[in-house]
Amino acid sequence: MFNKQLYQFFSQTETPFYYYDMGLLNESLSKLKQAAEKYNYLVHYAIKANANDRILETIKQYGFGIDCVSGNEVKKAIETGIKPEKIVFAGVGKSDAEIAYAIDKSIFSFNCESMEEIEVINEWGIKKGEIVPVSLRLNPDIDAITHKYLTTGLPENKFGIPLQFLDKVIHQTNNLSHIKLIGLHFHIGSQIRELTPYIELCKKVNSIQDVIFDKHGIELEHINLGGGLGINYENPDAELVPDYARFFDTVHEYLKLRKNQKVHFELGRAVVGQVGSLISKVLYIKKGVNKRFMILDAGMTDLIRPALYGAQHKIQNISRPEAQIMNYKYDVVGPVCESSDSFDDNVMLPMTIRGDLVAIRSTGAYGEIMVSQYTLRDKPKAIYSDEITNEKGEHLFSKITVS
Ligand SMILES: *Cc1c(COP(=O)(O)O)cnc(C)c1O
């Protein structure tokens, strides 16, 4: 991933920074497109994973839509040139201003998480003289088998409408003048590495559909299964592009669709996760009583996932690519005045010295977008592989265009 030329460029660049491999992004997107087209599945990229202009521009070129969870994300998607009919908008706490804005923009679907929200949207529909397309985000009571902060489909999570309320919600929604029920929406969690939760989800959707069709005689245009497909954090190079084909094949096998029903997905992490690395410089190797601390110039303000959910990212000393033996143990930490400002404990690495460069891998998703300026730290810059040139202005890593 980091060859000599690239390393040379890195060593002359101010750290820390996010490095994005645009060749890999294109590969990921083209495989995703191919796998989705096989079944006519529609993908809305979950913009909260990474909203950098270069990333969004590239995603747009493949024709994907956008999944938003805030009004500003809807705005960003529209500014990027994504057609409103490809934009979906979820979130448990949509504000009045966000609702009014998204109605004005005629987005494809409001993915609604409560009856209370649907009532407010209906009022806005009346005020604006618009019939608003709504999908019900259901909480299917499925354990996504992931970190507890990354599950969203269990009764104790704040997300979605509990299945027990579905009947009542459909009944009440049908009585609202300015709501059009167009679909069902699910998003059971994130960093899901097993396909079994998705199989379980498909089966649940099948039985929910049976109930809706039989009891209410409603035909829904679309089923949105959300995102959550995980990536390989332990060994990124073994799986730089997630197995989208296997994921969609599995859904196709288990999900029973009604006539003319479309299936939508909202993948975030899977699309961009492996594309980014946080590159940082070693400031000090500090000797502790029983520990050896590797203090980096990147901290929790640059990448909060380890502090926020105990996430583990592969850490590589890229100044010593030839090193065969990882015989030094380090606690890799940042410079911020918080004990949680730590990337990982007991990391086995080659002997490392001040000035070495370290890559924190798989940080393309939920990395840069969560940057904060706590302790007034600078924000890390973003560097894109296809913008790197040598002193003669020649591109080192050829510009990639979509075929
Ligand atoms: C965050 C989110 C996603 C994307 O999740 P990933 O794990 O990044 O694929 C999809 N849908 C909704 C509603 C979300 O909140």
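Scoring rules and cut-offs
Residues numbered from 1 in each chain as written. Predicted model: local features only at pLDDT ≥ 70, side-chain atom pairs only at ≥ 80, totals over all residues. Heavy atoms only, no water. Domains from an automatic or database assignment. Contact = heavy atoms within 4.5 Å. Buried area = accessible area lost by both parts, 1.4 Å probe. Salt bridge = Lys/Arg side-chain N within 4 Å of Asp/Glu carboxyl O. Polar contact = N/O pair within 3.5 Å; in protein donor to acceptor, adjacent residues only side chain to side chain. Helix = DSSP H or I, 4+ residues; strand = E, 2+ residues; numbered from the N terminus. Core = buried A, V, L, I, M, F, W, Y, C linked by side-chain atoms within 4.5 Å. Buried < 20%, exposed > 50% of the residue type's maximum accessible area, 1.4 Å probe, protein only. Near = heavy atom within 4 Å. Areas by Shrake-Rupley, 256 points an atom, 1.4 Å probe, with all protein chains shown as cover. Nonpolar A, V, L, I, M, F, W, Y, C, P; charged D, E, K, R; others polar. pLDDT = per-residue confidence, 0-100. Axes fitted to C-alpha atoms, helices over the stretch in contact; angles between N-to-C directions. Parallel < 35°, antiparallel > 145°, perpendicular 65-115°, else oblique. Left-handed = near helix turned anticlockwise from the far one by under 90°. Phe/Tyr/Trp six-rings, centres within 6.5 Å; stacked < 30°, edge-to-face > 60°.

1. Comments concerning the domain arrangement of the protein
Its domain assignment divides the protein into domain 1 (4-17 + 274-387) and domain 2 (22-272). Centre-to-centre, using C-alpha coordinates, domain 1 lies 33 Å away from domain 2. Taken together, the 23 residues of domain 1 in the interface contact 25 residues of domain 2. Across the domain 1/domain 2 interface, buried area totals approximately 2,200 Å², and carbon plus sulfur atoms make up 52% of it. Among the residues domain 1 hides against domain 2, the three largest losses belong to Gln 274, Val 275 and Tyr 366. Together they make up 33% of the total. Where domain 1 touches domain 2, the interface holds 3 salt bridges. Residue Arg 361 is joined to Asp 237 by a salt bridge in which the shortest nitrogen-to-oxygen separation is 3.0 Å. There are 12 residue pairs in polar contact (both at pLDDT 80 or more) connecting domain 1 and domain 2. Secondary structure elements with two or more residues in the side of domain 1 that touches domain 2: α11 (305-309) and β17 (381-384). Here the element with the most residues in the side of domain 1 that touches domain 2 is α11; it accounts for 3 residues.

2. Section: the nonpolar core
Among the nonpolar cores identified, the biggest contains 99 residues, and Tyr 45, Phe 110, Leu 136, Leu 225, Tyr 244, Phe 248 and Val 271 are the most heavily contacted of them. At 7 residues, the largest contribution of residues to this core is made by helix α2 (residues 22-37). For this core, the domains that each give at least three residues are domain 1 (4-17 + 274-387) and domain 2 (22-272). Among all residues touching Phe 110, those that are not within four sequence positions of it are Phe 89, Lys 94, Ile 99, Ala 102, Ile 103, Ile 121, Val 132, Pro 133, Val 134 and Ser 135. Leu 6, Phe 10, Ile 279 and Ile 318 belong to the second-largest nonpolar core, a separate cluster that totals 13 residues.

3. A word on helix α5 (residues 96-104)
By the burial criterion, the buried members of α5 are Glu 98, Ile 99, Ala 100, Ala 102 and Ile 103. The secondary structure elements touched by the buried residues of α5 are α4 (71-80), β4 (87-89), β5 (109-112), α6 (115-128) and β6 (132-139). Immediately beyond the C-terminal end of α5, within one or two residues, lies Ser 106, with a positive phi of roughly 55°.

4. Description of the site of the ligand
Neighbouring the ligand are 16 residues; Lys 48, Ser 190, Glu 266, Arg 269 and Tyr 366 lie closest to it. Gly 228 is positioned with one of its backbone polar atoms (N or O) 2.8 Å from an oxygen atom of the ligand. Contact with the protein chains covers 95% of the free accessible surface of the ligand, which is 390 Å². Per-class residue counts for the shell around the ligand are 5 nonpolar, 6 polar and 5 charged.

5. Some words on the pattern of salt bridges
Pairing between side chains becomes possible if they bear opposite charge and their charged atoms approach one another. A complete count under the given rule lists 19 salt bridges for this structure. Here Arg 137 makes a salt bridge to Glu 113, at a shortest N to O gap of 2.9 Å. Of this pair, Arg 137 sits in strand β6 while Glu 113 is found in the loop between β5 and α6, placing the two residues 24 residues apart along the sequence. Pair check on accessibility: Arg 137 and Glu 113 agree, each one buried. A salt bridge links Asp 302 to Arg 377; the nearest nitrogen and oxygen atoms lie 2.7 Å apart. Of the two residues, Asp 302 is situated in the loop between β12 (292-296) and α11 and Arg 377 in the loop between β16 (357-360) and β17; the sequence distance between them amounts to 75 residues. Each member of the pair, Asp 302 together with Arg 377, is buried. Because the salt bridges share partners, they merge into one network encompassing Arg 54, Asp 386 and Glu 387.

6. Details of the confidence of the model for the protein
Taken over all residues, the pLDDT of the protein has a mean of 95, while the share at 70 or more is 99%. Taken together, the stretch residues 399-403 has pLDDT below 50 and engages in 8 contacts with residues farther than four places along the chain or on a different chain.

7. A word on the packing of α5 against α6
Where α5 contacts α6, the axes come no closer than 10 Å and their chain directions differ by 50°. With respect to α6, the element α5 is oriented oblique. When the axes of α5 and α6 are compared, the crossing they make is right-handed. For the pair α5 and α6, the contacting residues are Asp 96, Ile 99, Ala 100, Ile 103 and Asp 104 in the first and Val 120, Ile 121, Trp 124, Gly 125 and Lys 128 in the second. Per-class residue counts for the contact of α5 with α6 are 6 nonpolar, 1 polar and 3 charged.

8. Comments concerning the packing of aromatic side chains
The full count for this structure, using the stated rule, is 16 aromatic pairs. A centroid spacing of 5.2 Å and a plane angle of 70° characterise the contact between Phe 10 and Phe 17, whose relative ring orientation is edge-to-face. Taking 6.1 Å as the distance between ring centres and 15° as the angle between the ring planes, the aromatic pair formed by Tyr 18 and Tyr 20 counts as stacked. Accessibility expressed as a relative area gives 0% for Tyr 18, which makes it buried. The rings of Tyr 39, Tyr 41, Tyr 198, Phe 247, Phe 248 and Phe 265 are connected pair by pair, giving a single aromatic cluster.

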